[in-house]
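# Coordinate analysis (summary)
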Amino acid sequence: MSPCLLVVMDPIAGIRPQKDSTLAMLLEGQRRGWRLLYAEPGDLALDGGRAFASVRPIEVDDHPERWFRLGDPSTVPVAEADIVLMRRDPPFDREYLYDTLVLERAGEEGALIVNDPAALRSLNEKLAALAFPQFAPPSLAAREMAALRAFARRHGEIVLKPLDGMAGRSVFRTRADDPNLGVILETLTEEGKRMALAQRYLPEIAQGDKRILVVDGEPAPFALARIPSGEGEHRGNLARGGRAQAVPLSPRDREIASTVGLELRRRGVIFAGLDVIGEHLTEINITSPTGIRELRRLCGIDVASMLFDALERRLR
């Protein structure tokens, strides 16, 4: 019997199909003859200690206007699927936490959850890079605004960002003498109530923020460099107008990816995106890393195929 894949994702009707990595995964699974089921986060539940989901069969097309068709809904044990792809976007809030607990139960019942729910809970995408100080830039995660100001004085130009953001939202480039630094800190920390991350500004961002996709501990041979648009923009995020370019991994990129990838694999993370600026690891994305479609278009690297090869090895 063909493997069954359940994808849990934000509403598929709202994606940008030409850019969406989850759609690329579904297309690859369908190409291999896998049975595909679709659910949204609100469809997960625990009933009598068992994980259930309201699911619909899904067929997908690589078409800019008609990219999916859904069948009739039914409620099934989540572990009826061989593999569950958890592809809900950040922020990691309380509802996301509850979803990981449901999926953890499904894992105990026999499904392979990608990525491991315990890792989703413990590896904050901004803070996880700090577990590898040999690669991370000088960084400080804190609520206290005085400590963040002192960090700016030590390092000159810095970047400030929230811990639960994505796509470059609320990322500030600033310095100790910036007259707006106070209001930036007040906003990000909510007057000292929320933790924010400060990192030394890396001028190498002008050459791109490289997204290295890692599959079961192994990096793809090319990275997706997201290059700021210029005109005062310091963010390379494609959602903020960045330009995409495929670049081969440098020796430093491979050192970072091999070291971090080994630890991620140990913790049950099968698909991850590492963000590297210059010589430094700045983020480890494991909730819903993107870049599959862009790499396929720019250099022919098929990361979705790499992922399904890894999944089929796991099933065997």
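Quick look at the structure, then. Values in this document were obtained by computation on a predicted structure and should not be read as measured data.

With that settled, the discussion passes to the side chain of Arg252. For Arg252, the position within the fold is in helix H6 (residues 251–266). For Arg252, a relative accessible area of 18% translates into the label buried. Setting aside residues up to four positions removed in sequence, Arg252 forms contacts with Gln134, Phe135 and Glu279.

Attention now moves to the sheet that holds strand E11 (residues 172–175). Taken in spatial order, the four strands line up as E9-E12-E10-E11 in an open sheet, and their pairing is antiparallel. Both edges of this open sheet fall to strand E9 (139–142) and E11, since each of them pairs with a single strand only. The mean inter-strand angle of the sheet, taken between neighbouring strand axes irrespective of direction, is 25 degrees. Where strand E10 (residues 157–162) and E11 come together, four bridges link them in antiparallel fashion. Considered in E11, the bridge of Ile158 is made with Thr174. In the packing of helix H4 (residues 145–155) onto the sheet, the strands contacted are E9, E10, E11 and strand E12 (196–200), and the crossing angle to E12 comes to about 10 degrees.

Let us look at the pattern of salt bridges. If you walk through the whole model with that rule in mind, you get 31 salt bridges. A salt bridge links Arg105 to Glu108; the shortest N-O distance between them is 2.9 Å. With Arg105 and Glu108 both in helix H2 (residues 94–108) and three residues apart, the pair spans about one turn of that helix. A relative accessible area of 30% means that Arg105 is categorised as partly exposed. Where Glu279 meets Arg252, a salt bridge forms, and the shortest distance between an N and an O atom there is 3.8 Å.

With that out of the way, let us pick up the layout of surface pockets. What the second largest pocket holds in volume is close to 230 Å³. Considering only residue class, the lining of the second largest pocket consists of six nonpolar, four polar and four charged.

Reading the values: the criteria
- Numbering of residues begins from 1 in every chain and follows the order in which that chain's sequence is written.
- A pLDDT threshold of at least 70 governs which residues receive local features in this predicted model, and a stricter bar of 80 or more applies before side-chain atom pairs are shown or counted, although totals over entire chains, interfaces and linings include all residues.
- The basis for the side-chain values is all heavy atoms of the structure; hydrogens and waters are excluded.
- Helix and strand definitions follow DSSP, with helices as H or I runs of at least four residues and strands as E runs of at least two, each counted in order from the N terminus.
- Any residue under 20% of the maximum accessible area for its type is buried, any over 50% is exposed, and the rest in between are partly exposed; the area is computed with a 1.4 Å probe on protein chains only.
- Residue contacts are defined here by distance: any two heavy atoms, one from each residue, within 4.5 Å place the two residues in contact.
- Two strands pair under a simple rule: DSSP has to find at least two bridges between them.
- Throughout, an axis means a line fitted to C-alpha atoms (over the contacting stretch in the case of helices), and angles, computed between N-to-C directions, take values from 0 to 180 degrees.
- A pairing counts as a salt bridge when a side-chain nitrogen of Lys or Arg comes within 4 Å of a carboxyl oxygen of Asp or Glu.
- A cavity here means a set of points on a 1 Å grid, drawn over the protein atoms and nothing else, where a 1.4 Å probe fits but cannot get out; a pocket is an open set with protein on both sides within 12 Å along at least five of seven lines, and a residue lines either one if it has an atom within 4 Å of a point.
- Grid points are joined across faces, edges and corners, and a volume is the space filled by probe spheres set on the points.
- In the scheme used here, Gly and all other residues not listed as nonpolar or charged are polar, with Ala, Val, Leu, Ile, Met, Phe, Trp, Tyr, Cys and Pro taken as nonpolar and Asp, Glu, Lys and Arg as charged.

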